[in-house]
Amino acid sequence: MTVLSVRGLGKVFGSGELAVTALDNVNLDVQAGELVALLGPSGSGKTTLLLCVSLILDPTAGAIEINGKDIYRDGRISIDVRRFRRENVGFIFQAHNLIPFLSALDNVALAMQLNGVGKRESRKRARELLDYLEISHRAEYMPANLSGGEQQRVAIGRALANEPPLIFADEPTASLDTGRGMKVMELLKRVAREKNSAIIAVTHDMRMIAGFDTLYHMDDGRLTRTDAEAVGALAPPH
Ligand SMILES: Nc1ncnc2c1ncn2[C@@H]1O[C@H](COP(=O)(O)OP(=O)(O)O)[C@@H](O)[C@H]1O
Ligand SMILES: [Mg+2]
């Protein structure tokens, strides 16, 4: 099932001589449960693509469908954007941006509460999710008292809270050492498989892409399909 369909997506920042084309006629289809890696140099438009597809930034051309439903076409947005995002998209950023005065558990529970789940139920489900992510022993910790890897697990929990069909991870392992980064990627792969979520993960690190279903390369706003051989990814050592 196609979860995300992007056609001719464009994004221009600014105008006139200062205009920057960040997305240039981007086409992309992502299936349920598909794990997609988005590669490419700094400034090539990767973050802009994720932000435009989730309508945090307004695209300037093209069309986006989610689960076969038009959400954006030629400058017109046909949904309630905040609600759409809450229900359909989970985000994992490089800076974990957990709410500093809420415990790990409440950071995850809050995401459910914003979607109308009651306090008790949300805390129960948040605990199950932290359990699934093998971090429930830190449920009552404040973010500042968690390691980088632990914070990222909580951030993944928050992204999964409402079981969104789409998860966007923008360099989720950038602030972690290789070992912890690998573990976070393993976890994302497990989530895609077990929860049937489509995941698009931006990464610079070729060591992180083993096991991804599909690789895309972004360059100067243009998106092309690629493969492990083309990007010189090495098989993990054994
Ligand atoms: N808010 C903005 N205003 C103007 N230009 C921007 C803005 N955000 C990004 N850009 C430009 O768009 C291009 C793509 O940026 P970005 O999507 O952040 O790249 P990446 O995530 O691949 O590093 C860059 O040239 C960047 O300078
Ligand atoms: Mg970026």
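Structure: above.
None of these values were measured; they are calculated from a predicted model.

Procedures and definitions
Residues numbered from 1 in each chain as written. Chains lettered and ligands numbered in written order. Predicted model: local features only at pLDDT ≥ 70, side-chain atom pairs only at ≥ 80, totals over all residues. Helix = DSSP H or I, 4+ residues; strand = E, 2+ residues; numbered from the N terminus. Expected span 1.5 Å × (residues − 1). Buried ≥ 20, exposed ≤ 12 C-beta atoms within 10 Å, placed from the backbone. Arc of directions from axis to C-beta. Contact = placed C-beta atoms within 7 Å. Core = buried A, V, L, I, M, F, W, Y, C linked by C-beta atoms within 7 Å. Near = placed C-beta within 6 Å. Nonpolar A, V, L, I, M, F, W, Y, C, P; charged D, E, K, R; others polar. Pairing = 2+ DSSP bridges. Axes fitted to C-alpha atoms, helices over the stretch in contact; angles between N-to-C directions. Parallel < 35°, antiparallel > 145°, perpendicular 65-115°, else oblique. Left-handed = near helix turned anticlockwise from the far one by under 90°.

Attention now moves to helix H6 (residues 178-195). Taking 1.5 Å per residue, 18 residues should reach 26 Å; H6 reaches 25 Å between its end C-alpha atoms and fits that length. Every buried residue of H6 is accounted for by Gly-181, Val-184, Met-185, Leu-188, Val-191 and Ala-192. What you see down the axis of H6 is that its buried residues fit within an arc of 110°, all on one side. Exposed positions of H6 whose direction lies more than 90 degrees from the buried face are Gly-179, Arg-190, Arg-193 and Glu-194. Along its buried surface, H6 packs onto strand S3 (35-39), helix H5 (148-160), strand S8 (166-170) and strand S9 (198-202). Once H6 ends, the next one or two residues include Asn-196, with phi positive near 60°.

Looking now at the nonpolar core. Val-36, Leu-38, Val-108 and Ile-199 are the most contacted members of the largest nonpolar core, which totals 62 residues. The dominant element in this core, judged by the number of residues it contributes, is helix H3 (residues 104-113), at six residues. When near neighbours in sequence (up to four residues on either side) are disregarded, Val-36 contacts Val-30, Ile-199, Ile-200, Phe-212, Asp-213, Thr-214 and Tyr-216.

Surveying the vicinity of ligand 1 reveals the residues Phe-13, Gly-14, Val-20, Ala-22, Gly-40, Ser-42, Gly-43, Ser-44, Gly-45, Lys-46, Thr-47 and Thr-48. Among the secondary structure elements, those contributing two or more residues to the shell around ligand 1 are strand S2 (20-31) and helix H1 (46-53). Among the elements that line the shell around ligand 1, the one with the most residues is H1, at three residues. Grouping the constituent residues of the shell around ligand 1 by class yields three nonpolar, eight polar and one charged.

Read across the sheet, five strands follow the order S2-S1-S4-S5-S6 without closing on themselves; strand pairing throughout is antiparallel. Edge strands, defined here as strands with exactly one partner in the open sheet, are S2 and strand S6 (76-77). Judged from the two bridges that link them, strand S5 (residues 69-73) and S6 form a sheet pairing that is antiparallel. Paired with Arg-73 across the bridge in S6 is Arg-76.

The next subject is the packing of H3 against H5. It is at 8 Å that the axes of H3 and H5 come closest, and there the two elements cross at 20°. With respect to each other, H3 and H5 are oriented roughly parallel. The way H3 lies across H5 gives a crossing that is right-handed. The residues of H5 that touch H3, namely those facing Ala-104, Asn-107, Val-108 and Ala-111, are Val-154, Gly-157 and Arg-158. Of the residues in the contact of H3 with H5, the class split is four nonpolar, two polar and one charged.

Turning our attention to H1. For H1, the buried fraction is high: seven of the eight residues fall into the buried class. Of the residues making up H1, those classed as buried are Lys-46, Thr-47, Thr-48, Leu-49, Leu-50, Cys-52 and Val-53. Of the residues flanking the end of H1, it is Leu-55, one or two places downstream, whose phi is positive at about 60°.

Function cannot be read off these values alone, since they describe shape.
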